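# Fold and geometry: a report
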Amino acid sequence: DMIDDAPPQSSILAHNIIKAFYKCDRTLKSKYKSGEKEDMENKLASTTIQVRIETPHWLKRKVIYIPREFASFFPGDAMGARGEEELKSYPKRGLPVTFDYGVTKSICDISTDKAGKMRPRDTGKPIDDFFKAFDAVVGDYVTISKGDDRVFHIKLVKVNGSTI
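Residues numbered from 1 in each chain as written. Predicted model: local features only at pLDDT ≥ 70, side-chain atom pairs only at ≥ 80, totals over all residues. Heavy atoms only, no water.

## Focus: the overall build of the protein chain
Within the protein chain, the secondary structure is distributed over 4 helices and 9 strands. Going from N to C terminus, the protein chain has its helices and strands arranged as α-α-β-α-β-β-β-β-β-β-α-β-β. Taken across its 164 residues, the protein chain has 45% of its residues classed as buried. Partitioning the contacts of the protein chain with sequence separation of at least 6, the portion at a separation of at least 24 is 55%. For the protein chain, the exposed area adds up to about 9200 Å²; of that, 51% sits on carbon and sulfur atoms. (Helix = DSSP H or I, 4+ residues; strand = E, 2+ residues; numbered from the N terminus. Buried < 20%, exposed > 50% of the residue type's maximum accessible area, 1.4 Å probe, protein only. Contact = heavy atoms within 4.5 Å. Areas by Shrake-Rupley, 256 points an atom, 1.4 Å probe, with all protein chains shown as cover.)

## Digging into the sheet that holds strand β8 (residues 141-146)
The strand order β1-β8-β9-β4-β5 describes an open sheet built from 5 strands, whose pairing is mixed. The sheet is open, and its two borders are formed by β1 (48-52) and β5 (105-108), each paired with just one other strand. Sheet twist, expressed as the mean angle between neighbouring strand axes with direction ignored, is 25°. Inspection of the sheet shows strand β4 (residues 97-100) paired to β5 by 4 bridges, in the antiparallel sense. When the bridges of β5 are listed, D100 appears paired with K105. Each of β5, β8 and β9 (151-157) is contacted by helix α4 (residues 125-133), which is oriented at about 35° to β9, the strand it contacts most. (Pairing = 2+ DSSP bridges. Axes fitted to C-alpha atoms, helices over the stretch in contact; angles between N-to-C directions.)

## Section: the pattern of salt bridges
Considering all chains together, one arrives at 6 salt bridges under this definition. In this structure, the salt-bridge partner of D77 is R150, at a minimum N-O distance of 2.9 Å. With D77 in the loop between β2 (66-67) and β3 (79-81) and R150 in the loop between β8 and β9, this residue pair connects regions lying 73 residues apart in the sequence. Overall, the relative accessible area of 38% leaves D77 in the partly exposed class. By relative accessible area, which is 23% here, R150 ends up partly exposed. Here D129 and K125 are joined by a salt bridge, their closest N and O atoms 3.2 Å apart. With D129 and K125 both in helix α4 and 4 residues apart, the pair spans about one turn of that helix. D129 gets classed as partly exposed once you look at its relative accessible area, which sits at 25%. Several salt bridges converge on common partners, so that one network encompasses R93, D109 and R121. (Salt bridge = Lys/Arg side-chain N within 4 Å of Asp/Glu carboxyl O.)

## Concerning the confidence of the model for the protein chain
Scored by pLDDT, the protein chain has a mean of 76; 66% of the residues are at 70 or more. Averaged pLDDT values over the elements of the protein chain bottom out at 50 in helix α1 (residues 12-21) and peak at 96 in β4. The low-confidence segment residues 1-11 (pLDDT under 50) makes 14 contacts with residues lying over four places distant or belonging to another chain. (pLDDT = per-residue confidence, 0-100.)

## Examining unusual backbone geometry
With phi around 60°, K62 is a residue other than glycine that occupies positive phi space. Positive phi values are uncommon outside glycine, yet R150 reaches one of about 65°.

## A word on the packing of aromatic side chains
Evaluation of the coordinates by the stated rule reveals 9 aromatic pairs. For the pair F130 and F131, a centre-to-centre distance of 5.8 Å together with 45° between the ring planes defines the contact as tilted. Taken as a pair, F130 and F131 share a single burial class, namely buried. Three or more aromatic residues joined by ring pairs form one cluster here, namely F73, F74, F99, Y101, F130, F131, F134 and F152. When the ring centre of Y65 is taken as origin, the NZ or CZ atom of K117, which lies over that ring, is 4.3 Å away. Across from the ring centre of F73, 4.8 Å away, lies the NZ or CZ of K146, which sits over that ring. (Phe/Tyr/Trp six-rings, centres within 6.5 Å; stacked < 30°, edge-to-face > 60°. Lys NZ or Arg CZ within 6 Å of the ring centre and 35° of its normal.)

Encoded structure:
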């Protein structure tokens, strides 16, 4: 009953979310199969991004790394420098946003670094609680969805395609 064709990398998030809801919503399944797939994926892409947990380092250091290509997804004034080199482009601290992890929330800015990565500056307990509560493993996807003004909802898409 699931979709067998692999999606392009750019739409893997939408593909995984749609797959996760297949068993519950037959209407969604028929729309996906009937050609409305691209419209649904484009709508999701403008409100949701995903990043893959690439190494055990993420879990050990309790951090979510976000590629700089997603910088425009967040308010520009939320970006803050991590070190001296980034101070050329960003203030020392950005204005805070809320990250809702489902099990806890945090209010912080988004740290930038010279390697081209961003991360919520709240590394530690909130992210550790999130990873532990949903049994995150290397290969799972962290989805970040826009909520109300300056609020971002964090979810986990397991390697097997289920959304938590």
